[in-house]
Amino acid sequence: MSEAPGAPQKLWNRNFLLWWLGAAQSALGSALAGIALSFLVLHQTGSAGAMGVNLALSMLPALFAPFFGTLIDRLPIKPPLVVCHLLRGGMQLGIGFAALRGPVPIEAIYAVSFLTGLIAAFYTSASMGVTVRLVPREQLQRATGLMQGAGQTMQMVGLLGGGFLVAFLGRGEALIFDGVTFLVFAALLLPVQFPARQAAAAGERFWQSFRGGLKYVRGSVLLTSLPLVALVLNASFAPLDMLIPKRMQVLGTGAAGYGLFFGMLVAGLAAGGFLVAWLGERVKPARASVWGMALMGALTLALAFTRTAPQMYVLALLMGLANAFCNIGIGVIFQTRVDPAYFGRVGSLLGAVGMVGMPVTLLALSPFADRIPVAVIFGVAGGLTLLGAGVWGAILRRDGASISPATAPA
């Protein structure tokens, strides 16, 4: 499995094209996996609680991401990516064929969900910082936008089409189809020449590498702040998952309104990614991250004053656009300011801390969600996000982070 020998000269080179197509395929497979397994659990148990347990088990392994990141920084990049998708494909095929023969033990479904989440966390750590090494530095904004736009589009296709696929093919057949998507990604990865990883220092043990990653992050205010920014962003979105169903029920649109709201949100994310791809270098990562985050706060605040469902749909679309610019800005800052030798460790820490924001916020809000007016919660969430944008902007100014691929480390 060879590594890319030199710097790429153009955006649409073979390596990036295959990586882009494969990542989109993976996003589709991940979305389909969640839908298909959830329907299988619901069919066999009829329990929303069992579905919740299954979802929690798939998310829990993300907490181990920092350890995965340390391991990834010590390995060549291609083998983990290929093996991850072969394993995910194999498990989906296995549970799918089992479902064709009859009821699947719920413990087996839980085990597959947990293992799939474990592999997904490992894959996420392994994929950190790949894009910046597959495209010319001056094309990084455009490439990052393309990655997000395609990923969000395929996620939306998976979420919207997953239920139809289950209804049309059946639960077992849908899981088999999903397994095939992961195997296709593994096949697409085989001819890709990935950038060489810097070898771990001679004699350096795992825990030395892990502590070295933490020390590297603590040595920079910017890098210390990146995971906290991700935490704030996820925490600000948490009230949407909890309160939008209730809000849509009050407005008379129910589950259909809920689905349309989040459909518009994902559509905004996809559109924002492709817009950044079109704008290219005209998008300044530092400004995009700050203003995107500030706009997200303002739009969340505006949700407190909505009176009709169409108003909320428009805000959802705009929130997706703002989130896309913020995410891409942060992604480019990460890829241009982090030493490639630490991509796995810093990126996995960013993902793990950010992921914690949503469940922590949901647990904190749960005892009060039915006692406090929805408008008040949206107002507080929006205000805190605006405050976070101001703090993040101050950190970037202090750091002198007018980020540009031309100033990125080699």
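The protein appears in an unreviewed UniProt entry as MFS transporter from Deinococcus aluminii. According to UniProt, the comment filed for the protein under the heading Subcellular location (unreviewed entry) is "Cell membrane".

**Q** I tried to follow empty space enclosed by the protein on my own but got confused; where do I start?
**A** Tallying each qualifying case throughout the model produces two cavities of 30 Å³ or more. Quantified by volume, the second largest cavity comes out at close to 60 Å³. Lining the second largest cavity, in full, are Pro-66, Phe-210, Gly-213, Leu-214, Val-217, Arg-345, Val-346 and Leu-349. Taken together, the elements giving at least two residues each to the lining of the second largest cavity come down to helix H9 (206-218) and helix H14 (343-365). For the lining of the second largest cavity, the element with the most residues is H9, which contributes four residues. Classifying every residue of the lining of the second largest cavity gives six nonpolar, one polar and one charged.

**Q** Is there a simple way to explain the packing of aromatic side chains in this structure?
**A** Any two aromatic rings considered together are summarised by their centre-to-centre distance and by the angle between their planes. Using the criterion set out here, one finds 11 aromatic pairs in the structure. When the ring of Phe-67 is compared with that of Phe-210, the centres are 5.0 Å apart and the planes differ by 10°; the resulting orientation is stacked. Taken together, the residues Phe-67 in helix H3 (residues 65-72) and Phe-210 in helix H9 connect sequence positions 143 residues apart. Of the residues examined, Phe-67 reaches a relative accessible area of 33% and is grouped as partly exposed. A relative accessible area of 16% places Phe-210 in the buried class. Aromatic side chains Trp-207 and Phe-210 sit 5.5 Å apart centroid to centroid with 80° between the ring planes, which places their arrangement in the edge-to-face category. Note that Trp-207 and Phe-210 are positioned in helix H9 at a spacing of three residues, about one turn of the helix. Here the aromatic cluster, defined as three or more aromatic residues joined through ring pairs, consists of Trp-12, Phe-16 and Trp-20.

About the cut-offs
- Residues numbered from 1 in each chain as written.
- Predicted model: local features only at pLDDT ≥ 70, side-chain atom pairs only at ≥ 80, totals over all residues.
- Heavy atoms only, no water.
- UniProt positions renumbered as here; feature names shortened; annotations may be inferred.
- 1 Å grid on protein atoms, 1.4 Å probe; cavity = no way out; pocket = protein on both sides within 12 Å on 5 of 7 lines; lining within 4 Å.
- Points joined across faces, edges and corners; volume = space filled by probe spheres on them.
- Helix = DSSP H or I, 4+ residues; strand = E, 2+ residues; numbered from the N terminus.
- Nonpolar A, V, L, I, M, F, W, Y, C, P; charged D, E, K, R; others polar.
- Phe/Tyr/Trp six-rings, centres within 6.5 Å; stacked < 30°, edge-to-face > 60°.
- Buried < 20%, exposed > 50% of the residue type's maximum accessible area, 1.4 Å probe, protein only.

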